[in-house]
Amino acid sequence: MRSLLGALLFCFWCSPASACSGWFDPLCELGRSLDKGAHDAGHAIEKGAQDTGKAVEKAAGEGILRPVRQFLRADQIPPEGVGAYGIVALKSRPTSANKTKLMMVCESYVAHFDRDELIPDTVPLSDRMTTVWPVDNPEHEKAKSDDCSFVLEHYVLDAANVAMADAEKQKASFPGEGPFLIGWSPAASRGQTDKLVLVVDMSRSNNQAMIDHDFDFWKEKIVHDPSLWRDGFSLEAIRASVKDFADKYGSEIVEHIKMAGL
Amino acid sequence: MLKNASIVGFIGIILGVGLVWWVRPDTSGGTALLLVGSMITTAAIAQIVRVILGLFSQKTGSRQP
């Protein structure tokens, strides 16, 4: 109780409302100084909190990359200024064996991303994640109309080979038939060792649904949160693999059981 | 023995349902595969644990005079 009263008296002496006069003046000045200091400190903390809030807000806004697509020539890769970019890497142009699959990949690619031109100019390049499909003539009418036969026939294999070679420097491997989605985040990290390289292997995706899942995964998990995919480990990737496996073989087993008449 | 088998089967079903909930397969065949697969896996693990425990108990039993 005594200490409470003492504190109240001290506050009264030190409050700006109290008059500074007589022999109490030095204490009063001290109180004023303390009050001013506390006031300034409060302002500084408030300003700091506001700045931190703004910084967090800004960071949250910058954290989301806009996934877009571009048909580019090999010499235009990597695209300049973008926040992150990826490439659809094929091991070959269409043959009679893989044409169906590559068409499905192309259709999924076209369906999953907006063209870069459709994104408003207000979105800076640094906020875009561009997935590139390398072609020899991106200005061609058929490329502009997203003709999959054209962009497959005019695919530039060298761009894919260089991308795979660069990713291999960063300990990625490409043992399957592909295609692969290879990404770098940030975009400038390509070719540097120990930088984040993102790889989605579509070697075992042999129907449209599975290829769509791969592009969904690329778009949602990698583009929005690349940290989920560091070192190639992701719980979501495991879930997608188990799902594809169960759907494929479960249906086949059920079919076989039905055929056996059980 | 029958009681043990039913417990193992129950655990397998619970794990299978959990797996189906997590994986969300598109087909009924996928769901069935996950359920049956988890039951078989649980039964196999239970059998392995049983064998190991059996070996362990035999070992400790043989030490007694």
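Scroll up for the structure.
In this report, we go over the structure that sits alongside the text. Since the structure is predicted, the reported quantities are computational estimates derived from the model, not experimental observations.

Conventions used here
- Residues numbered from 1 in each chain as written.
- Chains lettered and ligands numbered in written order.
- Predicted model: local features only at pLDDT ≥ 70, side-chain atom pairs only at ≥ 80, totals over all residues.
- Heavy atoms only, no water.
- Disulfide = S-S within 2.5 Å.
- Helix = DSSP H or I, 4+ residues; strand = E, 2+ residues; numbered from the N terminus.
- Buried < 20%, exposed > 50% of the residue type's maximum accessible area, 1.4 Å probe, protein only.
- Salt bridge = Lys/Arg side-chain N within 4 Å of Asp/Glu carboxyl O.
- Phe/Tyr/Trp six-rings, centres within 6.5 Å; stacked < 30°, edge-to-face > 60°.
- Core = buried A, V, L, I, M, F, W, Y, C linked by side-chain atoms within 4.5 Å.
- Contact = heavy atoms within 4.5 Å.
- Buried area = accessible area lost by both parts, 1.4 Å probe.
- Polar contact = N/O pair within 3.5 Å; in protein donor to acceptor, adjacent residues only side chain to side chain.
- Nonpolar A, V, L, I, M, F, W, Y, C, P; charged D, E, K, R; others polar.
- Pairing = 2+ DSSP bridges.
- Expected span 1.5 Å × (residues − 1).
- Arc of directions from axis to C-beta.

**Quick notes on the state of the cysteines**
Residues and elements named next belong to chain A.
Thought 1: Taken as a whole, this structure holds one disulfide over all chains when the rule is applied.
Thought 2: With its sulfur 2.1 Å from that of its partner, Cys106 forms a disulfide with Cys148. Residues Cys106 and Cys148 are joined by a disulfide whose S-S torsion is about -85 degrees; by sign, that bridge is left-handed. Of this pair, Cys106 sits in helix α3 (residues 99-112) while Cys148 sits in helix α5 (residues 148-153), and the two are 42 residues apart along the sequence.
Thought 3: Judged by relative accessible area, which is 8%, Cys148 ranks as buried.

**Description of the pattern of salt bridges**
All names here are of chain A.
Thought 1: As enumerated under the stated definition, the model contains eight salt bridges over all chains in all.
Thought 2: The partner of Arg73 in a salt bridge is Asp75, and the shortest N-O contact between them spans 3.5 Å.
Thought 3: Residue classification places Asp75 among the exposed residues on the basis of a relative accessible area of 62%.
Thought 4: Between Lys101 and Glu177 there is a salt bridge whose closest N-O contact spans 3.1 Å. In this pair, Lys101 is assigned in helix α3 and Glu177 in the loop between α6 (157-169) and β5 (180-184), connecting sequence segments 76 residues apart.
Thought 5: Overall, the relative accessible area of 9% leaves Lys101 in the buried class.

**A short note on the packing of aromatic side chains**
Given two aromatic rings, their pairing is described by the distance between the two centres and the angle made by the two planes.
Residue and element names in this part refer to chain A.
Thought 1: One pass over the structure, following the stated rule, counts eight aromatic pairs over all chains.
Thought 2: Seen from their ring centres, Tyr109 and Phe113 are 5.9 Å apart, and the 55 degrees between their planes marks the pair as tilted. The pair Tyr109 / Phe113 is uniform in exposure class, with both members buried.
Thought 3: Members of the aromatic cluster, connected to one another through ring pairs, are Phe71, Tyr109, Phe113, Trp133, Tyr155 and Phe215.

**Some remarks on the nonpolar core**
Thought 1: Membership of the largest hydrophobic core comes to 47 residues, with the highest contact counts inside it found for Trp133, Val151, Phe174, Ile182 and Phe215 of chain A.
Thought 2: Setting aside residues no more than four positions away along its own chain, Trp133 of chain A makes contact with Gln70, Phe71, Leu72, Val88, Leu90, Val105, Cys106, Tyr109, Val151, Leu152 and Tyr155 of chain A.

**Considering the interface of chain A and chain B**
The figure often quoted for interface size is the accessible area lost as the parts come together.
Thought 1: Every contact between the two is made by 14 residues of chain A and, on the other side, 10 residues of chain B.
Thought 2: Summing both partners gives a buried area of about 980 Å² for chain A against chain B, and 66% of it is carried by carbon and sulfur.
Thought 3: When the area that chain A buries against chain B is broken down by residue, the three leading residues are Arg239, Lys243 and Asp247 of chain A, summing to 47%.
Thought 4: In this structure, the connection of chain A to chain B is made through one salt bridge.
Thought 5: Among the salt bridges present, the one from Asp26 of chain B reaches Lys243 of chain A, with a minimum N-O distance of 2.8 Å.
Thought 6: At the junction of chain A with chain B, the criterion picks out six residue pairs in polar contact (both at pLDDT 80 or more).
Thought 7: Broken down by class, the residue content of the side of chain A that touches chain B amounts to eight nonpolar, three polar and three charged.

**Some points on the pairing of strand β1 (residues 66-72) of chain A**
Residue and element names in this part refer to chain A.
Thought 1: Counted residue by residue, β1 has six buried out of seven residues, so it is predominantly covered.
Thought 2: Here β1 pairs with strand β3 (residues 114-115) via two bridges, running parallel. When the bridges of β3 are listed, Arg69 appears paired with Arg115.

**Digging into unusual backbone geometry**
Thought 1: In the segment running from Gly178 of chain A into Pro179 of chain A, the intervening peptide bond is cis, with an omega of -5 degrees.
Thought 2: By the element assignment, Pro179 of chain A lies in the loop between α6 and β5.
Thought 3: Within the chain, Asp146 of chain A stands out as a residue other than glycine whose phi angle is a positive 60 degrees.
Thought 4: Phi at Arg24 of chain B takes a positive value of approximately 50 degrees, unusual for a residue other than glycine.
Thought 5: Note that Arg24 of chain B resides in the loop between α1 (2-23) and α2 (28-63).

**Quick notes on α6 of chain A**
Residues and elements named next belong to chain A.
Thought 1: For α6, built from 13 residues, the straight-helix expectation of 18 Å at 1.5 Å per residue is met to within 8% by its first-to-last C-alpha distance of 19 Å.
Thought 2: When α6 is considered as a whole, its buried residues turn out to be Ala159, Ala160, Ala163, Met164, Asp166 and Ala167. Projection of α6 onto a plane perpendicular to its axis shows the buried side chains occupying an angular sector of 160 degrees, all on one side.

**Here we look at the side chain of Arg115 of chain A**
Thought 1: Relative to the helices and strands, Arg115 of chain A is located in strand β3.
Thought 2: Within polar-contact distance, the side chain of Arg115 of chain A engages the side chain of Glu117 of chain A at 3.1 Å.

Everything listed is a geometric property; what it means functionally is a separate question.
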